[in-house]
Amino acid sequence: MVFTRRPAAVLTAIVAACAMAISLTACTTDANSQDTADDRTTVTSSAPGVVAMFTPSDGITLNQQTPLNKWAKLTPNLTKALTSAGFKKGDISRTTSDSLDKQSRAIQDYVVNHLSGSNTTDDAGIVISPDNITLLVAPVVEADASTRQYGDYVSQELSTADTAEGSDSTDSSDSSNSSDSSDSSTGSDSTDDSSSDASKTVGDSKNAAQAEAVDRLVSSLKLAKESGMHVVLMGNSIKGYKPDAFVRFSDAQAIGKLQAEKIVSKLELSKASKDNPKYIEVLMPYTAVDESGEASDSTFVQEAFRGIWQVLGAYYQKGVVESPSGTLNGNSTEDDWQSVAYAASKEGSTTKVLDARLAKADEHASPTRIDGIIAMNDYIASEVVTELDDLGYTGSAADINPQITISGIVGNITGKKDLSRSDVPDPIKSPEKDDSADSTDSADTQDDSTTTDKTDKTKDSQWPLVTGYGAYVSNIPSIVNGKQWMTGIEDRQTLAENIAEACALLNKGQTLTSMSSVRNTEVGGKKKVPTISGPLLAVSASNLKVTLIDPGYISLADAGL
């Protein structure tokens with residue numbers, strides 16, 4: 001348990017803030033504003049007010065490959081949406097932090113400064129009342145290398161061993177107490193001489209610092225709400241804390257489910273049969289151990305596989321889908337994530353895994369037939385594409401729909417023409433299992449056998465559907481040429497517009513029940529939290545122009561055109 005004390009300065013600030021709030025309430029005589037003694041104007045609930053954004057600094061993915069799901073990409077959309085909703089640019093602020101410790105201090109300073117009256121006016125001399133302030137907070141949560149490959153918006157829960165009990169009973173702390181506690185812990189740790197004890201001490205010190213930062217963050221947010229400010233958490237929840245609203249971005253289960261659903265639709269698994277099954281491999285990359293050598297939390301990969309299995313499980317059980325490697329079968333369950341999971345922290349890990357799963361019977365055999373590969377994210381998808389090419393697979397996902405050609409895709413993206421689609425002809429029985437047509441002519445039989453053999457080899461080497469997530473700019477050319485079938489992304493602009501609308505309503509003292517994008521959910525263990533959410537966008541060559549180019553997420557140059 002991390003113990004903290006409320007300094008006299010903070011108590012004085014709160015008392016002064018309360019006195020100021022009472023005096024402002026007494027002086028206000030109309031619905032818009034009232035001049036105060038020093039000729040400043042108090043903003044009331046009829047004005048949009050102020051929005052303060054606190055977001056993590058952007059993380060870095062492996063090899064500098066960058067997904068579009070980044071905080072630095074979202075905040076400009078948010079600023080634009082807020083100004084469209086009536087907020088002045090000068091009343092919109094953004095603070096980025098690379099650690100929870102720094103972020104919690106920044107939020108604490110912001111709240112205390114506004115309540116103490118040292119930062120309560122804008123450039124026009126307008127006094128900002130606490131109930132006209134909304135804090136948009138995306139808590140900084142540590143993510144391992146595998147999770148970072150999905151971008152910055154993947155929802156996680158911030159918690160420590162002390163959060164559930166400590167956050168409700170502990171008062172807000174200030175920077176000096178935090179530093180003293182940290183220094184004291186470090187000093188105690190340094191007395192151990194053994195390497196094992198030193199390692200344990202470092203871990204304990206890190207956990208204590210994390211617990212202290214969580215406690216400071218929760219205390220600051222509670223103080224903000226008690227004073228009349230509004231708190232909207234984005235992406236990451238806090239265990240045991242109930243905000244005024246929560247913005248739910250993508251989570252592991254939704255990401256896995258999206259890719260499985262697109263595979264089902266494109267391969268028309270509802271029409272597949274045991275006699276001519278589809279072959280699908282599922283890759284679940286994760287970080288087995290963290291930087292300190294301890295076992296990593298596997299919650300994300302478990303939830304991702306659960307999302308996939310909720311969609312594909314029934315098809316494996318019916319026998320209409322098979323795994324060439326045998327990692328999944330009709331007896332598998334959503335708890336068998338370890339069957340398809342592998343440590344992907346090192347570059348080239350996916351190549352080795354895929355090479356083993358699609359191994360040929362012998363060196364002269366044709367490639368192992370594969371219809372679809374769920375790669376989970378675009379970083380893994382890029383390795384899959386490279387390995388499939390090395391293994392001898394040919395063509396592209398465009399070949400699965402004969403009327404869509406690469407030139408047609410390019411023409412559609414550049415606005416020259418629309419794509420026409422037709423179903424993929426695929427017999428209920430595979431040629432090697434179809435013995436319904438016997439021939440009495442040996443010569444014809446031999447010719448048919450040769451033709452069938454060539455057809456089978458062509459089918460075996462056909463390029464499969466490859467899915468991913470994150471809309472990596474570096475992967476967009478692969479989407480265009482059909483090597484990667486699809487990727488996924490957040491609908492940033494729509495989410496930004498919904499968040500802006502919520503901020504405006506909260507600052508006016510109104511509920512969010514009028515918003516169609518809001519429904520009550522459980523967040524951080526707290527029920528009935530108004531939650532803003534939206535469906536993920538599936539992006540392929542056929543809709544890339546509408547989903548990525550037209551909104552301005554990428555340019556034609558990014559697409560390699």
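Residues numbered from 1 in each chain as written. Predicted model: local features only at pLDDT ≥ 70, side-chain atom pairs only at ≥ 80, totals over all residues. Heavy atoms only, no water.

A. Quick look at the overall build of the protein. Within the protein one finds 16 helices and 19 strands. Here the protein, with 561 residues, has 48% of them falling under the buried criterion. In the protein, the proportion of contacts linking residues at least 24 apart, taken out of those at least 6 apart, comes to 75%. Accessible area of the protein: about 25600 Å², with a carbon and sulfur share of 48%. (Helix = DSSP H or I, 4+ residues; strand = E, 2+ residues; numbered from the N terminus. Buried < 20%, exposed > 50% of the residue type's maximum accessible area, 1.4 Å probe, protein only. Contact = heavy atoms within 4.5 Å. Areas by Shrake-Rupley, 256 points an atom, 1.4 Å probe, with all protein chains shown as cover.)

B. Expanded view of the packing of helix α10 (residues 349-357) against helix α11 (residues 378-390). For the pair α10 and α11, interaxial distance at closest approach is 9 Å and the crossing angle is 50 degrees. In terms of orientation, α10 and α11 fall into the oblique class. Relative to α11, the crossing made by α10 is right-handed. Contacts between α10 and α11 involve S349, T350, T351, L354 and D355 from the first element and I380, E383, V384, E387 and L388 from the second. In terms of residue class, the contact of α10 with α11 is built from four nonpolar, three polar and three charged. (Axes fitted to C-alpha atoms, helices over the stretch in contact; angles between N-to-C directions. Parallel < 35°, antiparallel > 145°, perpendicular 65-115°, else oblique. Left-handed = near helix turned anticlockwise from the far one by under 90°. Nonpolar A, V, L, I, M, F, W, Y, C, P; charged D, E, K, R; others polar.)

C. Structural context of the environment of Y316. Among the secondary structure elements, Y316 is positioned in helix α9 (residues 299-318). Looking at Y316, the relative accessible area reads 3%, which means it is buried. With 38 residues separating them in the primary sequence, Y316 and K278 have C-alpha atoms 9.6 Å apart. Sequence-distant contacts of Y316, that is, excluding residues within four places in its chain, are made with I280, V282, W309, V321, E322, S323, L328, N329 and G330.

D. A look at the confidence of the model for the protein. Per-residue confidence for the protein averages 79 on the pLDDT scale, and 70% of its residues sit at or above 70. Ranking the elements of the protein by mean pLDDT puts helix α5 (residues 163-169) last, at 40, and strand β14 (residues 372-374) first, at 98. In this model residues 1-45 is a low-confidence stretch, pLDDT under 50, and it forms 65 contacts with partners more than four residues away in sequence or in other chains. Counting contacts from residues 417-425, a segment whose pLDDT is below 50, to residues more than four positions away or on other chains yields 25 contacts. (pLDDT = per-residue confidence, 0-100.)

E. Up close: the pairing of strand β18 (residues 526-532). Judged from the two bridges that link them, strand β9 (residues 245-247) and β18 form a sheet pairing that is parallel. Its bridge partner lying in β18, V247 is registered against I532. Between strand β17 (residues 518-523) and β18, which follow one another and run antiparallel, lie two residues, and G524 among them has a positive phi close to 60 degrees. (Pairing = 2+ DSSP bridges.)

F. Representation of the packing of helix α8 (residues 252-267) against α9 within the structure. For the pair α8 and α9, interaxial distance at closest approach is 7 Å and the crossing angle is 25 degrees. Considering the angle they form, α8 stands roughly parallel to α9. The chirality of how α8 crosses α9 is right-handed. Two secondary-structure elements touch here, α8 through A252, Q253, G256, K257, A260, E261 and V264 and α9 through F300, E303, A304, R306, G307, I308, Q310, V311, L312 and Y315. The class makeup of the residues in the contact of α8 with α9 is nine nonpolar, four polar and four charged.

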